[in-house]
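# Structural overview
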Amino acid sequence: MSKLVTIFGGSGFVGRYIARRMAQEGWRVRVAVRNHNEATFVRPYGAVGQVEPVFCNIRDDASVAAVTEGSDAVVNCVGVLDETGKNTFDAVQSEGAERIARIAAGFGITRMVHISAIGANADAESEYARTKAAGEAGVLEHQPDAVILCPSIIFGQEDQFFNRFAGMTVLGPVLPVVGAETKFQPVYVDDVAAAAVLGVLGQAQAGIYELGGPDTHSFRELMQLMLGVIRKRRLVVNIPFWAAGVMATCFGFGRALSLGLVKGPLTKDQVLNLAVDNVVADGARGFDALGIRPTAMEAVLPDYLWRFRPSGQYDAIKESAKNLKA
């Protein structure tokens, strides 16, 4: 019988790419998610019955154990950018990661891949970054041979970065950003998935890998690149961190008064994160150590951002028509 991998968060942005690749490797794939009814799209990634979504609550030992038992390897892709209800940074990114590693170890599973993030730091101001670091520590406590992947901003068809800001261009001639000079090293989602698969297959040495794309840009430069792809002109305006902090505080009050029904576009923790460069550290192991050549943004962005162009899929045709001679 083929081997089985359980992917926690396997229907999410990164997880679905790992699930697809693992199915192509011939493995059975168990996709553990909060709402398995919304994850049925993963089934066609493999043959009938090869890829199956199952319910799991990573805040609960019994739930994690139920989907982990019988697995040959586990992958944890679960993380949150914003706290909602019981899904706090600590519950998901620290306690949840440790729980998966501990229970997997209890079943004798020694092969684990954990998706963390560049900037994970136990001494960071941001709670997101602190809990990411705590999650890494919890994983290594129980799974010392784990492969931990720390990507920069991840881009791809389903991303919430370029898609989000491209969508904001319909609001007016100004595109506001927080931390315009903060550096990022965007990485293609399928490259991260390829690295994870190497970890599952035992073809990557244990340890931490920082994953960044081939180019480093400021936030402002990334927005200008995106605007070039969607063929729009917008003024990229930097919002000072102090002003962003005030705005985030107001959004937080609004969210509290609405009992969580109204969510602002920015949180105080996100402002703290945006103040720190998000690039691969000097001397860190990365794609080179894995034998993977990272994909450039220019090769991928046009494939999914075309829908934000003034004429969408017909924009290129209209441009060509302008060049026709009467």
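Here, every reference points to the structure presented above.
For the structure given in this document, a descriptive report is provided here.

Moving on to the pattern of salt bridges. Evaluation of the coordinates by the stated rule reveals eight salt bridges. A salt bridge links Arg16 to Glu158; the shortest N-O distance between them is 3.9 Å. Here Arg16 is found in helix 1 (residues 15-24), whereas its partner Glu158 is found in the loop between strand 7 (154-155) and helix 5 (162-168), with 142 residues between them in sequence. The exposure class of Glu158 is partly exposed, given its relative accessible area of 25%. Across the salt bridge formed by Arg21 and Asp190, the nearest N and O atoms sit 3.0 Å from each other. Of this pair, Arg21 sits in helix 1 while Asp190 sits in helix 6 (residues 189-200), and the two are 169 residues apart along the sequence. According to the relative accessible area criterion, Arg21 is partly exposed, its value standing at 28%. Through salt bridges with shared partners, one network takes in Asp61, Glu98, Arg99 and Arg102.

There is a patch of nonpolar side chains on the surface, built from Val174, Leu235 and Val237 and spanning about 230 Å² of accessible area. Looking at the secondary structure, you find Val237 in strand 13 (residues 235-239).

For Val229, the location among the structural elements is in helix 7 (residues 219-230). Looking at Val229, the relative accessible area reads 12%, which means it is buried. Those residues within four positions of Val229 in sequence are excluded, and the remaining contacts are Leu301, Pro302, Leu305 and Arg309.

A few words on the state of the cysteines. Scanning the entire structure with this criterion turns up zero disulfides. Summary of cysteine pairing: Cys77 is not part of a disulfide, and the nearest cysteine sulfur, belonging to Cys56, is at 13 Å. In this structure Cys150 is not part of a disulfide, and its nearest cysteine sulfur, from Cys77, lies 13 Å away.

A few words now on the sheet that holds strand 3 (residues 51-55). Spatially, seven strands are ordered 3-2-1-4-5-6-11 in an open sheet, and the strand pairing comes out parallel. Across the chains shown, the open sheet's two edge strands, defined by having one partner strand only, are strand 3 and strand 11 (207-211). Taking the axes of each pair of neighbouring strands and ignoring which way they run, one obtains an average angle of 20° across the sheet. Looking at chain direction, strand 1 (residues 4-8) and strand 2 (residues 28-33) are connected through five bridges and run parallel. Pairing of Thr6 across the sheet is with Arg30, part of strand 2. The sheet strands contacting helix 6 are strand 1, strand 4 (73-76), strand 5 (112-115), strand 6 (147-151) and strand 11, and the helix crosses strand 6 at an angle near 170°.

Applying the stated criterion across every chain, the model contains eleven aromatic pairs. Between Phe89 and Tyr128, the aromatic rings sit 5.9 Å apart at their centres with planes inclined by 80°, giving edge-to-face as the arrangement. Placement of the pair is Phe89 in helix 3 (residues 89-106) and Tyr128 in helix 4 (residues 127-142), with a sequence separation of 39 residues. Residue class for Phe89 comes out buried when judged on its relative accessible area of 4%. Residue classification places Tyr128 among the buried residues on the basis of a relative accessible area of 16%. Here the aromatic cluster, defined as three or more aromatic residues joined through ring pairs, consists of Phe155, Phe161, Phe162, Phe165, Phe184, Tyr188 and Phe219. Over the ring of Tyr17 we find Arg20; its NZ or CZ atom is 5.3 Å from the centre of that ring.

For Asn163, the location among the structural elements is in helix 5. Since its relative accessible area comes to 11%, Asn163 is described here as buried. Side chain to side chain, Asn163 and Arg307 meet in a polar contact 3.2 Å long. Contact partners of Asn163, with chain neighbours within four places excluded, come to Gly156, Gln157, Glu158, Tyr304, Leu305, Arg307 and Phe308.

On to the nonpolar core. Of all hydrophobic cores here, the largest spans 72 residues; its most connected members are Phe162, Met223, Met226 and Leu305. Tallying contributions element by element places helix 6 first for this core, with nine residues. Not counting residues within four places of it along the chain, the set of residues in contact with Met226 comprises Phe162, Phe165, Ala166, Thr169, Leu175 and Leu305. With 26 residues, the next largest nonpolar core counts Cys56, Val80, Val92 and Ile100 among its residues.

A separate point is empty space enclosed by the protein. Scanning all chains against the criterion turns up one cavity of 30 Å³ or more. Estimated volume of the largest cavity: approximately 30 Å³. Contributing to the lining of the largest cavity are Phe155, Pro186, Pro214, Asp215, Thr295, Ala296 and Met297. Considered class by class, the residues forming the lining of the largest cavity number five nonpolar, one polar and one charged.

Each value, and the rule that gives it
- Residues numbered from 1 in each chain as written.
- Predicted model: local features only at pLDDT ≥ 70, side-chain atom pairs only at ≥ 80, totals over all residues.
- Heavy atoms only, no water.
- Salt bridge = Lys/Arg side-chain N within 4 Å of Asp/Glu carboxyl O.
- Helix = DSSP H or I, 4+ residues; strand = E, 2+ residues; numbered from the N terminus.
- Buried < 20%, exposed > 50% of the residue type's maximum accessible area, 1.4 Å probe, protein only.
- Patch = residues over 30% accessible without salt bridge, like charges linked within 9 Å, V, L, I, M, F, W, Y side chains within 5 Å.
- Areas by Shrake-Rupley, 256 points an atom, 1.4 Å probe, with all protein chains shown as cover.
- Contact = heavy atoms within 4.5 Å.
- Disulfide = S-S within 2.5 Å.
- Pairing = 2+ DSSP bridges.
- Axes fitted to C-alpha atoms, helices over the stretch in contact; angles between N-to-C directions.
- Phe/Tyr/Trp six-rings, centres within 6.5 Å; stacked < 30°, edge-to-face > 60°.
- Lys NZ or Arg CZ within 6 Å of the ring centre and 35° of its normal.
- Polar contact = N/O pair within 3.5 Å; in protein donor to acceptor, adjacent residues only side chain to side chain.
- Core = buried A, V, L, I, M, F, W, Y, C linked by side-chain atoms within 4.5 Å.
- 1 Å grid on protein atoms, 1.4 Å probe; cavity = no way out; pocket = protein on both sides within 12 Å on 5 of 7 lines; lining within 4 Å.
- Points joined across faces, edges and corners; volume = space filled by probe spheres on them.
- Nonpolar A, V, L, I, M, F, W, Y, C, P; charged D, E, K, R; others polar.

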